[in-house]
Each structure stands twice: as structure tokens, then as C-alpha cells.
Amino acid sequence: MSEHHDPHDKRSHWVFIGFVLVAGFLLLSEHRAHVLGALPYLLLLACPLMHLFMHHGHGHGHHHGGQPRRPHQHDQDGDAS
């Protein structure tokens, strides 16, 4: 099945991006004092958020003095070890 791409869809996409860029610039230029005043608090908030969301890939046994995690009885191919 072939998909038909409407050329107006692509144009409306670029118009929307342009609108968002102009609106963002105007909001930032008019409310610069509010944005810069909140910046230190945003940086402090980023620390615990990064700690929460970026530690999910670590093995849990290494952080608390425990033994490293042992692999499961079956390896990834499903064969018994």
C-alpha cells in the first residue's frame, strides 16, 4: 500500500515550528528576569532528578557492599548453563 504525502502537511509542520520559535523568543525576551531568577532553582532541581533517572542502569549489588548480581540459570539464548 503506498502512502500519499500531502505537501500542505509539510508546510503546516514548518509553520508550526516557526510559530513556536517566535513565541519562545518573545516569551524569553519579555520574561528574561523571571527565567533567569528561576535558573538557580532549576539547576538544584536537576541534581536529584538526574540522580533518580540516571542510576537505573547500575547493578544494585555494587552500591551497598553486596556481591555482584549473578546471572540467571539460563543464558540469553535460553540454554541451560
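Everything discussed here concerns the structure shown above.
Quick caveat: nothing in here was measured; it's all calculated off a predicted structure.

The rules behind each value
Residues numbered from 1 in each chain as written. Predicted model: local features only at pLDDT ≥ 70, side-chain atom pairs only at ≥ 80, totals over all residues. Heavy atoms only, no water. Helix = DSSP H or I, 4+ residues; strand = E, 2+ residues; numbered from the N terminus. Buried < 20%, exposed > 50% of the residue type's maximum accessible area, 1.4 Å probe, protein only. Areas by Shrake-Rupley, 256 points an atom, 1.4 Å probe, with all protein chains shown as cover. Patch = residues over 30% accessible without salt bridge, like charges linked within 9 Å, V, L, I, M, F, W, Y side chains within 5 Å. Salt bridge = Lys/Arg side-chain N within 4 Å of Asp/Glu carboxyl O.

(A) Examining the overall build of the chain more closely. Scanning the chain from N- to C-terminus turns up two helices and zero strands. Taking all 81 residues of the chain together, 1% fall into the buried category. Accessible surface, the chain as shown: approximately 8400 Å² in total, 65% of it carbon and sulfur.

(B) Seen up close, a nonpolar patch on the surface. The grouping of Leu36, Leu39, Leu42, Leu43, Leu45, Leu49, Met50, Leu52, Phe53 and Met54 at the surface amounts to a nonpolar patch, some 1100 Å² of accessible area in total. With respect to the helices and strands, the residue Met50 is situated in helix H2 (residues 32–54).

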